[in-house]
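Okay, here's what each chain looks like letter by letter:
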Amino acid sequence: VKYFSDSPQELADFQSDFKNARKVVITSHQNPDGDAFGSGLGLYAYLKTLHFDSVAFISPTDYADFLGWMPGVSDVVVYESDQKEYAEKLMAEADLFFCLDFSAAARIKDMKDSLLASPAKKIVIDHHEQPEDFADYIFWNEKASSTCELVYQFIDKIGDVEQINQESAICLYTGLLTDTGSFKYEATSPEVHRIAGLLLAKGVVPNQIHRSLFDNNTLDRLKFLGYILNKKLVYLPEFRVCYIKLSQKELQKFNSKTGDTEGIVNYGLSMAGVVMSAIFIEKDGLIKISFRSVDDFSVSDFSREHFEGGGHKNAAGGRSKQSLEETVEKFLNLLPYYKNQLLLQPK
Ligand code: 5GP
Ligand code: MN
């Protein structure tokens, strides 16, 4: 792997591959969030203005409605759909392959084998902990707020920020916004605000993006949220932990669609004194888990050790093949082992 952010020679190697490439493919992780689509579509809008014969953005899975307004979204090729064959062809013929907002190949699900088999030069741009070693180049910083921040820096590195257009700026701003929790998480650095300012100068209207993302609820979703806060949020003050458990039945009852549960885990964390919040969601025989934390309690370590996941210190995902009940039971049985660490946090 070439960490080309550290070495002029490797940057030069990359630039030569970049210049010679004709067919480009971009992908980001499954169940895309604002940063996955923001970085993917932001890079897509930028690359489309350059010399390539073709640029395509493939999403491993379908995307939620809250991303449906993004510039370029109607061009997205969804792998897990009737477009699969087309996606396979794109990957087999690509000579440059961008992997955004993930650095563990399993995070693109069934697309993994085709990524690894593709003859393309591969470049990872990402900020998740513990990157794997499958790419030719890696532009990675776990301290970065978002992959969108890194995509901006990547375009800067190749000396081309002038070329960022309004569509690209809107997408990059989206990931900055969502991955920093609207500019409030720890990674909200001067650099984040500097880049946000430069994107505003390219025509981003913050109010519009914020409303498209967060003020676009359906009545069903608000009622579902009301039900969760009323009946499902469990607080364990002795551990400073909150959790929510949702069965497939409940999701169906409230007409819940992909993306409707996004962000709900944060309500637990908004309670005074809570250090870790978790949500367990039953979907198609698998339990999808989100963990959030504050201060130095690492949910990425916690998830990696117990729930086949990972991510960032304060935001991680995981999964379980056990039943919903068994998974929550396992979680609850682990808490005594983490009690000291949870009580130690300054919050
Ligand atoms: P979420 O709870 O929103 O699904 O995920 C929180 C964060 O952890 C996101 O940055 C997401 O990309 C990351 N994440 C989720 N699942 C995994 C995983 O299995 N491995 C790794 N490395 N990161 C994950
Ligand atoms: Mn991200």
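Just so we're clear, the structure is a prediction, and the values are computed from it rather than from any experiment.

Points about the pairing of strand S4 (residues 96-100)
Most of S4 is tucked away: five of the five residues are buried. Here S4 shows two buried faces, one formed by Leu96, Phe98 and Leu100 and the other by Phe97 and Cys99. Pairing analysis gives five bridges linking S4 to strand S5 (residues 121-126), with the strands arranged parallel. Counted as the bridge partner of cysteine 99 is valine 124 from S5. In terms of handedness, the path from S4 via helix H4 (residues 112-117) over to S5 forms a crossover that is right-handed.

Let's talk about the UniProt feature "domain: DDH" (unreviewed entry) in the protein
Listed under "domain: DDH" (unreviewed entry) in the UniProt record, and renumbered for this structure, are residues 23-175. For residues 23-175, the helix share is 33%, the strand share is 19%, and the end-to-end C-alpha distance is 25 Å.

Some points on the sheet that holds strand S10 (residues 286-293)
Strand-to-strand pairing in sheets goes through backbone hydrogen bonds, with the strands running parallel or antiparallel. The mixed open sheet is built from six strands, whose spatial order is S7-S8-S9-S10-S12-S11. Each of the sheet's edge strands pairs with one partner strand only, and the pair in question is strand S7 (234-236) and strand S11 (310-311). The pairing of strand S9 (residues 276-283) with S10 spans eight bridges and is classified as antiparallel. Its bridge partner lying in S10, phenylalanine 280 is registered against isoleucine 289. Packing of helix H12 (residues 299-306) onto the sheet brings it into contact with S9, S10, S11 and strand S12 (315-320), and relative to S12 it is tilted by some 15°. Packing against the sheet, helix H13 (residues 324-344) makes contact with strand S8 (241-246), S9, S10 and S12, and its axis sits at approximately 170° to S9.

Details of the site of ligand 1
In the vicinity of ligand 1 lie 13 residues, with Ser290, Gly309, Gly310, Gly311 and Gly317 positioned nearest. The dominant element in the shell around ligand 1, judged by the number of residues it contributes, is S12, at three residues. Of the residues that constitute the shell around ligand 1, the class distribution is three nonpolar, eight polar and two charged. Both domains that meet at the shell around ligand 1, namely domain 1 (8-214) and domain 2 (219-344), each give it at least three residues.

Describing the nonpolar core
Judged by nonpolar contacts, the single largest core of 66 residues is most densely connected at Val25, Ile125, Val151, Leu172 and Tyr173. At eight residues, the largest contribution of residues to this core is made by helix H2 (residues 34-47). Sequence-distant contacts of leucine 172, defined by excluding residues within four places in its chain, comprise Gly38, Gly42, Cys148, Val151, Tyr152 and Leu199.

Let's talk about the packing of helix H6 (residues 166-179) against helix H7 (residues 190-201)
It is at 10 Å that the axes of H6 and H7 come closest, and there the two elements cross at 150°. In terms of their interaxial angle, H6 and H7 are classed as roughly antiparallel. Here H6 and H7 pass one another in a crossing that is left-handed. Counted together, Ala169, Leu172, Tyr173 and Leu176 of H6 and Val192, Ile195, Ala196 and Leu199 of H7 form the full contact between these two elements. Taken together, the residues that form the contact of H6 with H7 break down as eight nonpolar, no polar and no charged.

Rules and cut-offs
Residues numbered from 1 in each chain as written. Chains lettered and ligands numbered in written order. Predicted model: local features only at pLDDT ≥ 70, side-chain atom pairs only at ≥ 80, totals over all residues. Buried ≥ 20, exposed ≤ 12 C-beta atoms within 10 Å, placed from the backbone. Helix = DSSP H or I, 4+ residues; strand = E, 2+ residues; numbered from the N terminus. Pairing = 2+ DSSP bridges. Right-handed = clockwise from strand over helix to strand, strands pointing away. UniProt positions renumbered as here; feature names shortened; annotations may be inferred. Contact = placed C-beta atoms within 7 Å. Axes fitted to C-alpha atoms, helices over the stretch in contact; angles between N-to-C directions. Near = placed C-beta within 6 Å. Nonpolar A, V, L, I, M, F, W, Y, C, P; charged D, E, K, R; others polar. Domains from an automatic or database assignment. Core = buried A, V, L, I, M, F, W, Y, C linked by C-beta atoms within 7 Å. Parallel < 35°, antiparallel > 145°, perpendicular 65-115°, else oblique. Left-handed = near helix turned anticlockwise from the far one by under 90°.

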